[in-house]
Structures are given as C-alpha cells and as structure tokens.
Amino acid sequence: MSSSILQHADLLRTAVDVLSDGAYILAREKPDSKSPGFNDTRLEVVMEKTCEHEKLVLLKKAPALPAVDMVLVSAQNSNWLARITPHRIVLVAQREALSGIVGLVEHIRRQPGSSFVRCFFILDTLAPLFDINLPFYRKQLNKDLVMNVYNNGKWGSYRHMPMSSPPIIPVPHAYVSVRTRGDLSSLEWVEGRLHPVAVVAKPAEELVHVYNSGLNFRDVLTATKKT
C-alpha cells in the first residue's frame, strides 16, 4: 500500500522492481488524480474506486503469460468438456445469461494444481465475439484475473458467497416434500398442521409420534417423477 505513488515515476518503478509477478499495489491517490501510463512497468489497473476524500487504485504486476487455449463453454452441447485438461486454458461463455461457467470454474479451481483456469463470462450483447487476439480481450487477459465478467459496457467479477444457515425452528409436526417432482434438490422440510395437543385419537386408536423414518422405493419414484 502506498500514498500518492502514481505521480512519482521513479518511486513507482522501484516498487515494481521488488514485486513478484502477480503481486499488487494498492495506491491511495487524490480524488481528481489521473492514472499515468504503465507500459514500461508491466502494471495493469485492476480496479479504481473514487471515495469522498481519495481514490483507491489497485495495480497488479502482470506475469509474462504463456500461450493459452480458449474453450467455448455452451449449454447446447458437451463437446468442450474433453478440452478441459491440465494446461493453461481460458473458459469462455458468451451471450448465455444462464451459463453455469462461474460455478464450473470455482469447482475446477478447488482441485489440486488447477490454478491454470481463467474465466471470461461475456453477457453484454454488444461485445464483440471473443477472440483471444482481439485487443479488447487481450488487454483484460493481460491482467491475469480469474473471473472476468463483461456486462453493460463494464468489466467486473462475480463471486459465490456462502450464505449463513437459516435458524432451526422446532415445530410439533413436519414432513418432507418435493417441491418440484423430478428434482431431488427440491426436497425440503415443510411444517405440518397437526399438533399433538389438538389431535384426538378415536376409540381403539393411539397417537403415534414418528421421530425417524426412511424413504421407501415408492418415495424415490415419486421424487424422481417416475410415478
């Protein structure tokens, strides 16, 4: 982190010399300051944020990028899956708003030795078709960021943020229901209407409290929409 470093070329160059490839500089500048060119320093502007009293500029020392392969991810077919191999690749999804490419890349990068994957999710319909040699995309690729999302004329990023678990609410009666037949992920607990105090057993009947129950074959067929 530094203050007013962008206007001191020699100091900036010295800072870059001691940085490792892929390392960052967070510069705190005046709100009206302009970022100079960084052509001779291998610095890439990752983010600029202007606050009330200062501007934050995040700079990254871009590594020398090796040759990369582009893999077009589409929900229309699965031919591209075989091309995801342990080498430098860029996964691209363009004009498919419901693409699951963000989750796919997150999952791949959790595997050992999978830091080679980069993601380009192009949602803006006015953006040119992805071409790794096109200056518009090459400039963004040089930043060497994992997630690159282009929408509404701006580059940004998406992240999967873990949600806090909902509170557990004890109820006297509950049952398991499938909200969407055929979709096992929609299985959930639903609060029932029965209450032990309000239920009156008929003659020769007994009130049974069920604390544990398994799924039988018919339950599975119902949940998978086969009956």
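Model, not experiment: these values are computed from the prediction.

### Things to note about the sheet that holds strand β1 (residues 2-3)
The pairing of strands in a sheet happens through backbone hydrogen bonds and is either parallel or antiparallel. As summarised here, the arrangement of the 4 strands in space is β1-β2-β4-β3, forming an open sheet in which the pairing is mixed. In this open sheet, the two edge strands, each paired with only one partner strand, are β1 and β3 (43-50). Judged from the 2 bridges that link them, β1 and strand β2 (residues 24-29) form a sheet pairing that is parallel. Directly across from Ser 3, in β2, lies its bridge partner Arg 28.

### Concerning helix α2 (residues 101-109)
Taken as a whole, α2 has its buried residues at Ile 101, Val 102, Val 105 and Ile 108. One side of α2 carries all its buried residues, which in axial view fall inside an arc of 130°. Each element contacted by the buried residues of α2 is listed here: β6 (89-94), β7 (117-122) and β8 (147-151).

### Here's the deal with the confidence of the model for the chain
For the chain, the mean per-residue pLDDT works out to 83, and 97% of the residues sit at or above 70. When pLDDT is averaged over each element of the chain, β8 comes out on top at 94 and β1 at the bottom at 76.

### Digging into the nonpolar core
Grouped together as the largest cluster of nonpolar side chains are 17 residues, with contacts concentrated most on Leu 91, Ile 101, Val 105, Val 117, Cys 119 and Phe 121. Contributing elements (two or more residues each) for this core: β6, α2, β7 and β8. Sorting elements by how many residues they give to this core places α2 first, with 4 residues. Filtering out sequence-adjacent residues up to four positions away, Leu 91 remains in contact with Val 71, Val 73, Ile 84, Ile 101, Leu 104, Val 105, Ile 108, Val 117, Arg 118, Cys 119 and Phe 120. Counting residues in each nonpolar core, the second largest holds 11 residues, with Ile 5, Leu 6, Leu 12 and Leu 19 among its members.

### Describing the packing of aromatic side chains
Here the distance between the centres and the angle between the planes together describe a pair of aromatic rings. Per the counting criterion, the structure on display carries 9 aromatic pairs. Centroid distance Phe 120 to Trp 155: 5.7 Å. Interplanar angle 85°. Geometry classified as edge-to-face. One end of the pair, Phe 120, is in strand β7; the other, Trp 155, is in strand β9 (residues 154-156), and 35 residues separate them in sequence. Take Phe 120: its relative accessible area is 0%, and that puts it in the buried class. Take Trp 155: its relative accessible area is 27%, and that puts it in the partly exposed class. Feature note: the residues Phe 120, Phe 130, Phe 136, Tyr 137, Tyr 150 and Trp 155 constitute an aromatic cluster, connected by ring pairs.

Definitions and limits used
Residues numbered from 1 in each chain as written. Predicted model: local features only at pLDDT ≥ 70, side-chain atom pairs only at ≥ 80, totals over all residues. Heavy atoms only, no water. Pairing = 2+ DSSP bridges. Helix = DSSP H or I, 4+ residues; strand = E, 2+ residues; numbered from the N terminus. Buried < 20%, exposed > 50% of the residue type's maximum accessible area, 1.4 Å probe, protein only. Arc of directions from axis to C-beta. Contact = heavy atoms within 4.5 Å. pLDDT = per-residue confidence, 0-100. Core = buried A, V, L, I, M, F, W, Y, C linked by side-chain atoms within 4.5 Å. Phe/Tyr/Trp six-rings, centres within 6.5 Å; stacked < 30°, edge-to-face > 60°.

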